[in-house]
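Understanding the architecture of this molecule
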Amino acid sequence: MASYIGPAEILNKKRKYLIPCVYHFYQQPMQLVRGQMQYLYDQTGKQYLDCFAGVSVVNCGHCNPQITKAICEQVNTLQHTTTIYLTETIVNLAERLAGLTPGRLQKSFFCASGTEANEGAALLASIYTGKHEFISMRQGLHGRTKLTMNLTGLSFWRTDTNPMGGISFAPNAYCYRCPMHKRYPECDLACANEIETVIQTATSGQVAALIAEPIQGNGGIITPPPGYFKRMKEILDKYNILLIIDEVQTGFGRTGKMFAIEHYEVEPDIMTMAKALANGTPVGAFTARPEIADKYTRPGASTLGGNPVTAAAALATLDVITGQNLPARAAELGQHLKNGLLRLQEKHPFIGDVRGLGLMLGAELVLADQTPAIKEIDIVLEKMKDRGFLVGKNGPNRNVLAFQPPLVITQANLDDLLNHLDDVLSSL
Ligand code: PMP
């Protein structure tokens, strides 16, 4: 039996050697030591059902053998060169992505994270349009570098003490707490229409792009109603503003389609990806239509981006996702979980709202009058963890339970999760 330093010593070393911004869950955290498909194991051998997948990363399951095999083969053959030398994995991956991404998106740049993908996409939008302002959505999250943090509309994740100019925020499609104080469908998508007012009042008219997640993940699984992105795109086209869709958290089958924007039948101008693209091996990408991509001709490089190992991991991941039709599985199991959560909502007034698509679902916990149940959610998370279920939390008030499990989870696992959640909510 392997020996581990244990959670107390990890916390000691973390305090001593990690910058304190490195954030973790749980009052009494465990040490995770092993993963196998939808399960994780701690230092005592205790099994957890992973209902968060490392924030939508391991869509194909932890240590998926098909992906692990591809990684090992590549590590043992050619681990790293940069893009100054020709290798075939990176172009094969780009070709593969071109076949999967919506519409005319075709040319990719590979990097190593979602943050970098968004940073690169924003740069490309400026290069192509010759414009430099951006519009972002309230409650959106796009990364942790200077620009991407400033594009982030959640103060919890904004720590830049000297915010940038040139970024304007538009109200998001948060129907449960509508920023326009209206109801769908009578609202006629007032929040989308408001983007035009933002363009006309908050910008100089020199907007390169609007960036948005199709479903806001960290923002609280904010799921816009049908027609929302079509209306948004019409407005943006009128002002020659590009649409950057951030699929970092929603991509690769998570929501029941390969990419979440496909639910809205809109073609982005640039799309960004990371997380599940290589099932936990660090790779990010931004992909654009050829006429946009072709304007980026000055030399660009990412030392580690899309290197042979991460590209091989991504290719194997895409084989699993398409070969096993994981998007369809997410749609079916997601509906099952959503129905279960809706049943729990009838029983427990703590659940104010259930939303999301596929296996990207949120349950917003509230007290009377919709006040966010901030203390209670931590109790729920801790108790669920003790019972062997790792659930996420997010939203501007951090009161939304997030269910984003590996897509290889089973219906029996979900029933188990629902039963335990029912008990825990009853105990509050
Ligand atoms: N965009 C979205 C939608 C995200 O959820 C995240 C990470 N939570 C990022 C970008 C940043 O990705 P990374 O952590 O890989 O830099």
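Just so we're clear, the structure is a prediction, and the values are computed from it rather than from any experiment.

**Section: the site of the ligand**
In the vicinity of the ligand lie 15 residues, with S113, G114, T115, V248 and Q249 positioned nearest. Tallying contributions element by element places helix α5 (residues 114-129) first for the shell around the ligand, with 3 residues.

**Details of the nonpolar core**
Within the largest apolar cluster, 121 residues are counted, with the highest numbers of intra-cluster contacts made by A125, A209, I244, I270 and V391. Of the residues forming this core, the biggest block, 9 residues, is contributed by helix α10 (residues 308-323). The residue makeup of this core includes at least three contributed by each of domain 1 (6-51 + 325-427) and domain 2 (67-323). In this structure V391 touches C51, F52, L381, M384, L401, A402 and F403, once residues within four positions along its chain are discounted.

**Remarks on helix α1 (residues 6-17)**
Taking 1.5 Å of rise per residue, the 12 residues of α1 would be expected to cover 16 Å, and the 16 Å separating its terminal C-alpha atoms lies within 8% of that figure. Where burial is concerned, little of α1 is hidden: 0 out of the 12 residues are buried.

**A word on the packing of helix α11 (residues 326-347) against helix α13 (residues 411-427)**
For the pair α11 and α13, interaxial distance at closest approach is 10 Å and the crossing angle is 20 degrees. Relative to α13, the element α11 is oriented roughly parallel. You can see that α11 and α13 cross each other, and the crossing is right-handed. Contacts between α11 and α13 involve L333, H336, L337, G340 and L344 on the former and, on the latter, Q411, L414, L418, L421, D422 and L425. Among the residues forming the contact of α11 with α13, the class breakdown is 7 nonpolar, 3 polar and 1 charged.

**Describing the domain arrangement of the chain**
The domain boundaries assigned to the chain delineate domain 1 (6-51 + 325-427) and domain 2 (67-323). Opposite the 24 residues of domain 1 that make contact, domain 2 presents 21 residues. Those elements that place two or more of their residues in the side of domain 1 that touches domain 2 are α11, β11 (351-357), β12 (360-365) and β15 (400-403). Each residue belonging to the side of domain 1 that touches domain 2 can be placed in one class, and the counts come to 12 nonpolar, 8 polar and 4 charged.

**Re the sheet that holds strand β4 (residues 107-111)**
As summarised here, the arrangement of the 7 strands in space is β4-β10-β9-β8-β7-β5-β6, forming an open sheet in which the pairing is mixed. With one partner strand each, in any of the chains shown, β4 and β6 (167-170) form the two edges of the open sheet. The sheet shows a mean angle of 20 degrees between the axes of neighbouring strands, taken without regard to direction. Pairing geometry for strand β5 (residues 133-137) and strand β7 (residues 207-212), over 4 bridges, is parallel. Each bridged residue has a counterpart across the sheet, and for S136 the counterpart in β7 is I211. Against the sheet, helix α7 (residues 190-202) touches β5, β6 and β7, its axis set at about 150 degrees to β6.

**Regarding the packing of helix α12 (residues 374-386) against α13**
Viewed as axis vectors pointing N to C, α12 and α13 meet at an angle of 135 degrees, and their least axial separation amounts to 10 Å. By the criterion of interaxial angle, the relationship of α12 to α13 is oblique. Viewed along their axes, α12 and α13 form a crossing whose handedness is right-handed. Residue-level inspection shows V380, K383 and M384 of α12 in contact with α13, the latter providing H420, L421 and V424. Of the residues assigned to the contact of α12 with α13, the class counts are 4 nonpolar, 1 polar and 1 charged.

**With respect to the environment of S426**
Summarising the element assignment, S426 is placed in helix α13. In the structure, S426 is positioned 236 residues away from A190 in sequence and 38 Å away in space, judged by C-alpha atoms.

**Overview of the pairing of β11**
With respect to burial, β11 is a largely interior element, 6 of its 7 residues being buried. Pairing geometry for β11 and β12, over 6 bridges, is antiparallel. Within the sheet, the bridge partner assigned to L357 lies in β12 and is M360.

**Re the sheet that holds β12**
The antiparallel open sheet is built from 4 strands, whose spatial order is β11-β12-β15-β14. In the strand order of this sheet, the two ends are held by β11 and β14 (392-394), each with one partner. Neighbour-to-neighbour, the strand axes of the sheet open up by a mean angle of 25 degrees, direction not taken into account. Packed onto the sheet, α11 meets β11, β12 and β15 and runs at close to 170 degrees relative to β11. On top of the sheet, α12 reaches β12, β14 and β15; it is set at about 130 degrees to β12, its chief contact.

The rules behind these values
Residues numbered from 1 in each chain as written. Predicted model: local features only at pLDDT ≥ 70, side-chain atom pairs only at ≥ 80, totals over all residues. Near = placed C-beta within 6 Å. Helix = DSSP H or I, 4+ residues; strand = E, 2+ residues; numbered from the N terminus. Core = buried A, V, L, I, M, F, W, Y, C linked by C-beta atoms within 7 Å. Buried ≥ 20, exposed ≤ 12 C-beta atoms within 10 Å, placed from the backbone. Domains from an automatic or database assignment. Contact = placed C-beta atoms within 7 Å. Expected span 1.5 Å × (residues − 1). Axes fitted to C-alpha atoms, helices over the stretch in contact; angles between N-to-C directions. Parallel < 35°, antiparallel > 145°, perpendicular 65-115°, else oblique. Left-handed = near helix turned anticlockwise from the far one by under 90°. Nonpolar A, V, L, I, M, F, W, Y, C, P; charged D, E, K, R; others polar. Pairing = 2+ DSSP bridges.

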